[in-house]
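Residues per chain, in single letters:
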Amino acid sequence: MTPVLHVFPFSNFCEKAQWALDCSGVEYETRVHWPGLHAKKIMTLSGQTSVPVLEVDSRIIAGSAAILDWIEADHAPGWTVSDEARAWEDRLDEVGGVLRAALFTDLLRDPPSMARLLLAGARGPKAWLYANAVMRMAAPKFRKMLAAAYPDPSAPERISKEMLAEIEASMAETGHIVGDSFTRADLTAAALFFPVVFPDGSPAAALGRFDPAYASWRKRWVGLGNWLGEAYRRR
Ligand SMILES: N[C@@H](CCC(=O)N[C@@H](CS)C(=O)NCC(=O)O)C(=O)O
């Protein structure tokens with residue numbers, strides 16, 4: 001059976017898993033779930049609710065790092081394998097969640113914008129309902145969760161920018177985070193930080209240009225993450 005990757009339309013962790021599968025030449029199909037409406041199906045499948053989840057025959061692999069581990073174990077990965085890169089990846093994954101919080105803090109002020117982002121610009125009556133009913137209802141709960149996780153609302157953006165500076169510093173010499181070749185640290189950094197630059201080819205490329213709330217969030221990142229464009233040209 002062709003492996004099936006369960007994803008959200010807009011998710012930096014799903015982007016990471018897709019990039020890893022694509023650059024390793026692994027054939028797979030995607031099943032796209034809308035956030036919030038995904039939970040029952042993904043819970044039944046994997047015993048937890050986060051995506052990405054990869055179904056390989058009877059095996060269920062939950063989490064982007066586990067999917068990259070599976071590629072390294074069973075396929076020829078499209079990157080240089082390195083323990084140091086794996087350790088970087090763990091730190092980057094943590095900040096990937098923080099960056100998402102930085103973006104959501106802004107977009108939750110306008111639930112339909114948040115919905116447009118989460119659905120990567122999908123249109124039609126279902127998307128309209130999602131934006132104007134589901135997301136309007138869910139937004140206060142999301143805001144509360146974010147406030148509990150980050151009592152200082154400026155922290156997610158600050159932490160993410162510190163990580164961007166660290167990535168850039170470690171890339172300065174060779175153009176790669178670890179050593180002088182492409183590793184899962186480079187892949188993880190580019191996939192997790194794509195919302196900052198929305199390079200051509202990234203999931204938010206079109207949306208970022210048209211959604212006013214997203215465009216206004218991005219203005220605070222201008223001049224940062226310029227390496228992302230180059231990473232996406234090679235994606
Ligand atoms: N550590 C996980 C994080 C995955 C994650 O945070 N997924 C988010 C989407 S970006 C999600 O599924 N959120 C909904 C949920 O957990 O129910 C990974 O690397 O895959």
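Engineer: Help me understand the site of the ligand in this model?
Structural biologist: Taken together, 14 residues lie near the ligand, and Ser11, Phe13, Thr49, Ser50 and Ser64 sit nearest. Sorting the residues of the shell around the ligand by element identifies helix H1 (12-23), helix H3 (64-74) and helix H4 (83-107) as the ones contributing at least two each. Residues of the shell around the ligand, tallied by class, amount to six nonpolar, seven polar and one charged.

Engineer: How do you make sense of the packing of H1 against H3 when you look at a structure like this?
Structural biologist: Relative placement of two packed helices is described by the angle separating their axes and the distance separating the axes. Contact pair H1 / H3: the axes reach a minimum separation of 9 Å and the direction vectors enclose 10°. By the angle class used here, H1 and H3 are roughly parallel. Between H1 and H3, the contacting residues are Phe13, Lys16, Ala17, Ala20 and Leu21 on the first element and Ser64, Ile67, Leu68 and Ile71 on the second. Residue composition of the contact of H1 with H3, by class: seven nonpolar, one polar and one charged.

Engineer: Looking at this structure, I do not really get the sheet that holds strand E2 (residues 29-32). What am I missing?
Structural biologist: Neighbouring strands of a sheet are bound in pairs by backbone hydrogen bonds; such pairs are parallel or else antiparallel. The sheet built from four strands is open, its strands ordered E2-E1-E3-E4 with mixed pairing. Two strands in the sheet have a free side with no partner beyond their single neighbour: E2 and strand E4 (59-62). For this sheet, the mean inter-axis angle between neighbouring strands, taken without regard to orientation, is 20°.

Engineer: Got a minute to help me understand unusual backbone geometry in this structure?
Structural biologist: For residues besides glycine, phi is generally negative; the peptide bonds are generally trans as well. With an omega dihedral of 10°, the bond running from Val51 to Pro52 counts as a cis peptide bond. Structurally, the position occupied by Pro52 is in the loop between helix H2 (39-46) and strand E3 (53-56). Even without a glycine there, the phi angle at Ala120 is positive, about 50°. Relative to the helices and strands, Ala120 is located in the loop between helix H5 (111-118) and helix H6 (125-149).

What counts, and at which threshold
- Residues numbered from 1 in each chain as written.
- Predicted model: local features only at pLDDT ≥ 70, side-chain atom pairs only at ≥ 80, totals over all residues.
- Near = placed C-beta within 6 Å.
- Helix = DSSP H or I, 4+ residues; strand = E, 2+ residues; numbered from the N terminus.
- Nonpolar A, V, L, I, M, F, W, Y, C, P; charged D, E, K, R; others polar.
- Axes fitted to C-alpha atoms, helices over the stretch in contact; angles between N-to-C directions.
- Parallel < 35°, antiparallel > 145°, perpendicular 65-115°, else oblique.
- Contact = placed C-beta atoms within 7 Å.
- Pairing = 2+ DSSP bridges.

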